[in-house]
Amino acid sequence: MCRLCIKYVGQAIKSYQLHSISLSLHTSNMFKLRMLTHPESGVSAEVVSAVDVNTTANQIYKHNFPTTTLWSKTIEGITLSEFDKLRFDMILMSPPCQPFTRIGLQGDISDPRAKSFLYILDLLPRLSKLPRFILLENVKGFETSSARDALLKTLRDCSYSFQEFLLTPTCLGIPNSRLRYFLIAKAPPDCFAFQTHSEILESFPSSPSGEASSDTPMVPASSSECPSSGNGEDGSILYKMETAQDAQRKMGQNNDESVRRIQEFMEVQGEGGEDMEQYLLPPKTLLRYALLMDIVRPACRRSVCFTKGYGHYVEGTGSVLQSCVEEDMEEAFRSLELQAEEEKLRRLQRLKLRYFTPREIANLMGFPADFTFPEDVSVKQRYRVLGNSLNVHVVARLIKLMVS
């Protein structure tokens, strides 16, 4: 399954002493389900092995966790006897998403990249000791796949209890949309402390006391300070390539006071800080993609999913930040397509649109302050591994739910 989300023990409750294996299943997802000892999970655990074939991911992993055993090999290259020797209590896995992504070919189990996942399903019933806990993550779309059907059949054959979820970090008050499929499973005779359902849950279940299990922070009410589109109730295009429905949805997200503001996750500029000039969008990108970009401001409570193409491609890879908040974005985009190129560029450059830095994306993903990148890992490489990541807080909450 995967990797890095976190090894930090902090104030872990140590409700279980677990041995875990973290598998990438032959993918480049470095920053994944490494949260066994994250404080929010309430679990103290030893990661007995992490497995990935991506050299950059492994370099970053080793940089942050130098004492953890790291196998740079394919899952299929690990034999049943090697798995048995690890005697792990928990397996965390994130199979390659390409066979299931909604914008891909959706090859499902016929895609060669699903081979490693099917190998794990074949091995699981034959292990000398069934892992007590299983957590799996994948993209939305996995829930309708044949691979998911094979997973559920294997779990039922092994008498596991399980629950499926479709969750995004906004349910925990984090201003970033990243909808993902999750499954948690428990080996017999253990069972969950909550009532399981056959349908896929889209929120965390309530605790036995009846209270919501989310610790979402409440934010004091204040003016939005986020850009809002004009009218256009007939669905016509407003400024930017945006319909009234798009604008209403974004306004609703920005008015949700259970979600924190982006500014809480931004890097502090100043002495010793990152040079933000390098993240400004170049003129060519501004002129070509201005009408397609998802633009947010520090006071906003929303951002779209960051992908591995962020910083290289613009459309559909993640939000960009308007760092000059004194400028009116709606005014800048009004009749922009009718302006001469020089005037277009003048207007857009006044907004100081920039990419989020890798550190800021890591902050939104829940990585702690002491998580770092090796100096020789480029910005592009950092974006790629972060784009293959998931949110630490979401997975930590799921682990806590799974072991409680």
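See the structure shown above.
Read on for an overview of the structure.

Conventions and cut-offs
- Residues numbered from 1 in each chain as written.
- Predicted model: local features only at pLDDT ≥ 70, side-chain atom pairs only at ≥ 80, totals over all residues.
- Heavy atoms only, no water.
- Helix = DSSP H or I, 4+ residues; strand = E, 2+ residues; numbered from the N terminus.
- Buried < 20%, exposed > 50% of the residue type's maximum accessible area, 1.4 Å probe, protein only.
- Areas by Shrake-Rupley, 256 points an atom, 1.4 Å probe, with all protein chains shown as cover.
- Contact = heavy atoms within 4.5 Å.
- Polar contact = N/O pair within 3.5 Å; in protein donor to acceptor, adjacent residues only side chain to side chain.
- Salt bridge = Lys/Arg side-chain N within 4 Å of Asp/Glu carboxyl O.
- Pairing = 2+ DSSP bridges.
- Axes fitted to C-alpha atoms, helices over the stretch in contact; angles between N-to-C directions.
- Parallel < 35°, antiparallel > 145°, perpendicular 65-115°, else oblique.
- Left-handed = near helix turned anticlockwise from the far one by under 90°.

The next subject is the overall build of the protein. Counting its regular elements, the protein contains 11 helices and 10 strands. Sorting the 404 residues of the protein into buried and exposed places 52% on the buried side. Working note: accessible area of the protein is about 18100 Å², and carbon and sulfur atoms make up 50% of it.

Another aspect to go through is the environment of threonine 168. Its location among the elements puts threonine 168 in the loop between β6 (161-167) and β7 (180-186). Sequence-wise, threonine 168 and cysteine 305 are 137 residues apart; in three dimensions their C-alpha atoms are separated by 9.8 Å. Discounting residues that sit within four places of it in the chain, threonine 168 has contacts with Asn176, Ser177, Arg178, Leu179 and Val394. One polar contact links the side chain of threonine 168 to the main-chain amide nitrogen of arginine 178, over a distance of 2.8 Å.

It is possible for side chains bearing opposite charge to pair when their charged atoms get close. One pass over the structure, following the stated rule, counts 17 salt bridges. A salt bridge links glutamate 343 to arginine 346, with the nearest nitrogen and oxygen atoms 2.7 Å apart. A residue pair is termed a helical-turn pair when its members lie 3 or 4 positions apart in one helix, as glutamate 343 and arginine 346 do in helix α8 (residues 341-350) at 3 residues. Relative accessible area serves as the criterion here: at 22%, glutamate 343 is assigned to the partly exposed category.

The topology assignment puts leucine 201 in the loop between β7 and α5 (244-254). Sequence spacing of leucine 201 and glutamine 163 is 38 residues, and the spatial spacing of their C-alpha atoms is 7.9 Å. Contact partners of leucine 201, with chain neighbours within four places excluded, come to Gln163, Glu164, Phe165 and Leu166.

The next thing to look at is the sheet that holds strand β8 (residues 295-296). As summarised here, the arrangement of the 3 strands in space is β8-β9-β10, forming an open sheet in which the pairing is mixed. The open sheet is flanked by β8 and β10 (353-355), the only strands paired with a single partner. The pairing of strand β9 (residues 320-322) with β10 spans 3 bridges and is classified as antiparallel. Note on β10: the bridge partner recorded for leucine 321 is arginine 354.

The subject of this paragraph is the packing of helix α9 (residues 358-365) against helix α10 (residues 379-387). Where α9 meets α10, the closest approach of the two axes is 10 Å, and the angle between their N-to-C directions is 15°. When the axes of α9 and α10 are compared, the pair comes out roughly parallel. The crossing of α9 and α10 is left-handed. Here Pro358, Ile361, Ala362 and Met365 of α9 come into contact with α10, specifically with Val379, Arg382, Tyr383 and Leu386.

Honestly, that's just the spatial picture; any functional story needs more than this.
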